[in-house]
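Structural features, examined
Single-letter residue listing:
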Amino acid sequence: MPRGIVYEEIDEYIDGLANRGDPALRAVEQQGEKEDWPIVAAAEGSFLHILARSIRARRILELGTAIGYSGTWLARALPDDGELITVEHNPETAAIARKNMEKTGVASKVKILVGDAQGILKDLKGPFDYIFNDIDKAGYPAVLDPAIERLRVGGLLVTDNVLWGGDVARKDRSKETQAIRTYNERLSKDPRMIAAIVPLRDGVSVALKVRG
Ligand SMILES: C[S@@+](CC[C@H](N)C(=O)[O-])C[C@H]1O[C@@H](n2cnc3c(N)ncnc32)[C@H](O)[C@@H]1O
């Protein structure tokens, strides 16, 4: 699903070199393509994994599970006693993710919580080492503060689709574009965070919590 952030041939080049993991993970990637699930691409999955391992994350929170593709990349970055909590509001989708995570061998480290991310966040205690936000884009601003509050100092808040096909930089005023703009601006001005946007796929924001 390239959305015009970089030239198409560059996106294809990056995708062609991406680490795709083992056959079990590739099967989830292929399911995503075949059934048109809005999951991250392999290059982004490995990027999420590298970030988690780089900070030796032990406790990760994912907002937006879908079929468990990015969740598997994240869970595979955890040590044996690590934990991924992932939130999905659609129970049928969560059931697919659960099965996929059994097949990819990460189920014992993963807890899937079914419900709305904003509501679930209220009951979730931090600190997390790493939070990956990939829910409905209009819902981004509402989860920003609760996510930052639940992140440890030195932890990462990573967010997908922050360039929204480039629309954030154009005049587009759709609900999603405005919500992502608000999210990016608040994050960039938050004194607790240092944030940078990587123009990979649809734009990935990586933000480090530098103070509480
Ligand atoms: C973009 S997909 C996630 C893709 C997944 N992170 C991956 O790359 O493999 C977003 C998922 O989050 C779920 N979702 C959207 N808004 C949500 C919310 N507010 N709370 C919980 N789940 C939500 C959707 O049902 C969908 O399955």
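Computed from a predicted model, the values in this text were never measured in an experiment.

What counts and how
- Residues numbered from 1 in each chain as written.
- Predicted model: local features only at pLDDT ≥ 70, side-chain atom pairs only at ≥ 80, totals over all residues.
- Heavy atoms only, no water.
- Phe/Tyr/Trp six-rings, centres within 6.5 Å; stacked < 30°, edge-to-face > 60°.
- Helix = DSSP H or I, 4+ residues; strand = E, 2+ residues; numbered from the N terminus.
- Buried < 20%, exposed > 50% of the residue type's maximum accessible area, 1.4 Å probe, protein only.
- Core = buried A, V, L, I, M, F, W, Y, C linked by side-chain atoms within 4.5 Å.
- Contact = heavy atoms within 4.5 Å.
- Near = heavy atom within 4 Å.
- Polar contact = N/O pair within 3.5 Å; in protein donor to acceptor, adjacent residues only side chain to side chain.
- Areas by Shrake-Rupley, 256 points an atom, 1.4 Å probe, with all protein chains shown as cover.
- Nonpolar A, V, L, I, M, F, W, Y, C, P; charged D, E, K, R; others polar.
- Patch = residues over 30% accessible without salt bridge, like charges linked within 9 Å, V, L, I, M, F, W, Y side chains within 5 Å.
- Salt bridge = Lys/Arg side-chain N within 4 Å of Asp/Glu carboxyl O.
- Pairing = 2+ DSSP bridges.
- Right-handed = clockwise from strand over helix to strand, strands pointing away.
- Axes fitted to C-alpha atoms, helices over the stretch in contact; angles between N-to-C directions.

Side note on the packing of aromatic side chains
What the rule picks out here adds up to one aromatic pair. Ring centres of Tyr140 and Tyr183 lie 5.0 Å apart, and the angle between their planes is 45 degrees; this geometry places the pair in the tilted category. Here Tyr140 is found in helix H7 (residues 140-149), whereas its partner Tyr183 is found in helix H8 (residues 175-189), with 43 residues between them in sequence. Here the two residues Tyr140 and Tyr183 agree in accessibility, since each one is buried.

Points about the nonpolar core
Within the largest apolar cluster, 35 residues are counted, with the highest numbers of intra-cluster contacts made by Ile60, Tyr69, Leu84, Tyr130 and Val158. Elements that contribute at least two residues to this core include exactly helix H2 (23-35), helix H3 (42-54), helix H4 (69-75), helix H5 (91-103), strand E3 (110-114), strand E4 (128-133), strand E5 (151-159) and strand E7 (204-209). Sorting elements by how many residues they give to this core places H3 first, with five residues. Leu84 has contacts with Ile60, Glu62, Gly71, Leu74, Ala75, Leu78, Met101, Lys109, Val110 and Lys111, leaving out every residue within four places of it along the chain. Formed by 27 residues, the second largest nonpolar core is a distinct cluster that contains Ile131, Ala147, Ile148 and Ile180.

Focus: the site of the ligand
Around the ligand, 20 residues are found, and the nearest of them are Val40, Ser70, Glu88, Ala117 and Asp134. One of the backbone nitrogen or oxygen atoms of His89 is found 3.1 Å away from a nitrogen atom of the ligand. Between the ligand and the protein, one listed contact pairs a nitrogen atom with a backbone N or O atom of Asp136 at 3.1 Å. Contact with the protein chains removes 91% of the 610 Å² of surface that the ligand exposes when unbound. Among the secondary structure elements, those contributing two or more residues to the shell around the ligand are H4 and strand E2 (83-88). Its residues placed into classes, the shell around the ligand shows nine nonpolar, six polar and five charged.

So, a nonpolar patch on the surface
Taken together, the side chains of Tyr7, Ile10, Tyr13, Ile14 and Leu17 present a nonpolar region at the surface, about 570 Å² in accessible area. Position of Ile10 relative to the elements: it lies in helix H1 (residues 8-17).

Concerning the pairing of E5
In this structure, E4 lies alongside E5, joined through five bridges in parallel fashion. When the bridges of E5 are listed, Phe132 appears paired with Val158. Chirality of the crossover, the property in question, places the unit of E4, H7 and E5 among those that are right-handed. Inspection of the sheet shows E5 paired to E7 by four bridges, in the antiparallel sense. Counterpart to Thr159 in the pairing with E7 is Ser205.

Considering the sheet that holds E3
Taking strand neighbours across the sheet as the criterion, the seven strands line up as E3-E2-E1-E4-E5-E7-E6 in an open arrangement whose pairing is mixed. Looking at the sheet topology across the chains shown, the edges are occupied by E3 and strand E6 (193-198). Mean inter-strand twist for the sheet, computed between neighbouring axes without regard to direction, equals 15 degrees. Relative to E2, strand E1 (residues 59-63) is paired through five bridges, and the arrangement is parallel. Bridge assignment links Leu63 to a residue of E2, and that residue is Val87. Its contacts with the sheet put H5 on E2 and E3, and the angle it makes with E3 is roughly 170 degrees. In the packing of H7 onto the sheet, contacts are made with E1, E4, E5, E6 and E7, and the angle to E5 comes to roughly 155 degrees.

A word on H7
H7 sits mainly inside the fold: seven of its ten residues count as buried. Taken together, the buried positions of H7 are Tyr140, Pro141, Val143, Leu144, Pro146, Ala147 and Ile148.

Some remarks on the pairing of E7
Judged by how many residues are buried, E7 sits mostly within the fold: five of six residues are covered. Inspection of the sheet shows E6 paired to E7 by six bridges, in the antiparallel sense. If you follow Ile197 over to E7, its bridge partner there is Ser205. Connecting the antiparallel pair E6 and E7 is a turn made up of five residues, with Arg201 showing a positive phi of about 50 degrees.

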